[in-house]
Amino acid sequence: MHVTVIIGADIIRVSTAYFFSHCPSRDQDHTITILDPGPPASGASGKAAGFIARNWTGSATASLEDLSFRLYKELAQQYGGAEKWGYRQCRVLAVVGGKASGHSEDIRWSERHESAKRAEYSGELKWIKPETIKSQTLLGDPDSFAQWSCP
């Protein structure tokens, strides 16, 4: 009998356990155990708002990023991810705001993701006061971004 113990229940470790459990070369008596003091995705994975991106990093990890994005989508389709864990493909915006009444300084968005495909976005953002918006940029469309949020 073989045992694999995975310490932590973040999205990477849970995904590793899932794919390892489906490996054709794994013996039937090989058990996989995940140990974590909290519920799955209760740490950094959960605090990242379930953000999944394709084409967001540099070329060194682009193929891994593309594979990851496709696997999340396939798992969501296979297991009813939209209903069970709130998987959805979506647009992502960068919004830069200016001085609003009651604020003493500009509101800024970091431009650290140089490789993200950007386009001006002209849609209406009803949840932000229009006078505070300096610019709004579309960073990606549903083919490049997704989100999951366990209900």
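Residues numbered from 1 in each chain as written. Predicted model: local features only at pLDDT ≥ 70, side-chain atom pairs only at ≥ 80, totals over all residues. Heavy atoms only, no water.

**Considering the overall build of the chain**
Part 1 of the reasoning: Helices and strands together make up the secondary structure of the chain, namely four helices and eight strands.
Part 2 of the reasoning: Each helix (α) and strand (β) of the chain, taken in turn from the N terminus, gives the series β-α-β-α-β-α-α-β-β-β-β-β.
Part 3 of the reasoning: Sorting the 151 residues of the chain into buried and exposed places 28% on the buried side.
Part 4 of the reasoning: The contacts of the chain with a sequence gap of at least 6 include a subset with a gap of at least 24, amounting to 68%.
Part 5 of the reasoning: For the chain, the computed accessible surface area is about 10400 Å², with 56% contributed by carbon and sulfur atoms. (Helix = DSSP H or I, 4+ residues; strand = E, 2+ residues; numbered from the N terminus. Buried < 20%, exposed > 50% of the residue type's maximum accessible area, 1.4 Å probe, protein only. Contact = heavy atoms within 4.5 Å. Areas by Shrake-Rupley, 256 points an atom, 1.4 Å probe, with all protein chains shown as cover.)

**Overview of the packing of helix α1 (residues 11-21) against helix α3 (residues 62-79)**
Helices that pack against each other are described as a pair by the angle of their axes relative to one another and the distance between those axes.
Part 1 of the reasoning: It is the contact of α1 with α3, at a shortest axis distance of 13 Å, that shows an interaxial angle of 65°. Considering the relative orientation of α1 and α3, their crossing is left-handed. Contact residues: I11, S15, Y18 and F19 in α1; L71, Y72, L75, Q78 and Y79 in α3.
Part 2 of the reasoning: Looking at the contact of α1 with α3 residue by residue, the classes come out as seven nonpolar, two polar and no charged. (Axes fitted to C-alpha atoms, helices over the stretch in contact; angles between N-to-C directions. Left-handed = near helix turned anticlockwise from the far one by under 90°. Nonpolar A, V, L, I, M, F, W, Y, C, P; charged D, E, K, R; others polar.)

**Brief notes about α3**
Three or four residues apart is the spacing at which side chains of an α-helix point the same way, because the helix has 3.6 residues per turn.
Part 1 of the reasoning: Its 18 residues give α3 an end-to-end C-alpha distance of 26 Å, which sits within 8% of 26 Å, the value for a rise of 1.5 Å per residue.
Part 2 of the reasoning: Listed in full, the buried residues belonging to α3 are E65, F69, Y72, L75 and A76. The buried residues of α3 all sit within an arc of 130° when viewed along its axis, so they share a single face. Facing away from the buried side of α3 by over 90 degrees, the exposed positions are S63, Q77 and Q78.
Part 3 of the reasoning: Here the buried face of α3 lies against α1, β3 (51-53), α4 (81-84), β4 (88-89) and β8 (145-147). (Expected span 1.5 Å × (residues − 1). Arc of directions from axis to C-beta.)

**Some details on the packing of aromatic side chains**
Part 1 of the reasoning: Counted according to the given criterion, the structure contains three aromatic pairs.
Part 2 of the reasoning: Here the aromatic rings of Y18 and F19 are separated by 5.0 Å at their centres, their planes lie at 85°, and the arrangement is edge-to-face.
Part 3 of the reasoning: One aromatic cluster in this structure is built from Y18, F19 and Y79. (Phe/Tyr/Trp six-rings, centres within 6.5 Å; stacked < 30°, edge-to-face > 60°.)

**Overview of the nonpolar core**
Part 1 of the reasoning: Counting residues in each nonpolar core, the largest one holds seven residues, listed as I52, F69, Y72, A76, Y87, A146 and W148.
Part 2 of the reasoning: When residues in this core are grouped by element, the largest group, three residues, is from α3.
Part 3 of the reasoning: Among all residues touching A76, those that are not within four sequence positions of it are G81, W85 and Y87.
Part 4 of the reasoning: Core analysis: the next-biggest nonpolar cluster, separate from the first, contains six residues, W56, V92, L139 and F145 among them. (Core = buried A, V, L, I, M, F, W, Y, C linked by side-chain atoms within 4.5 Å.)

**Here we look at the sheet that holds β8**
Part 1 of the reasoning: Across the sheet, which stays open at both edges, the three strands sit in the order β3-β8-β4 with antiparallel pairing between neighbours. Edge strands, defined here as strands with exactly one partner in the open sheet, are β3 and β4.
Part 2 of the reasoning: In this structure, β3 lies alongside β8, joined through three bridges in antiparallel fashion. For I52, the partnering residue across the bridge sits in β8 and is A146.
Part 3 of the reasoning: Running at roughly 125° to β3, α3 makes contact with β3, β4 and β8 of the sheet. (Pairing = 2+ DSSP bridges.)

**As for the pattern of salt bridges**
Part 1 of the reasoning: Enumeration according to the criterion identifies three salt bridges in this entry.
Part 2 of the reasoning: Residues joined by salt bridges that share partners form a network here, namely R54, D66 and R70. (Salt bridge = Lys/Arg side-chain N within 4 Å of Asp/Glu carboxyl O.)

Remember, this is a structural readout, not a statement about activity or role.
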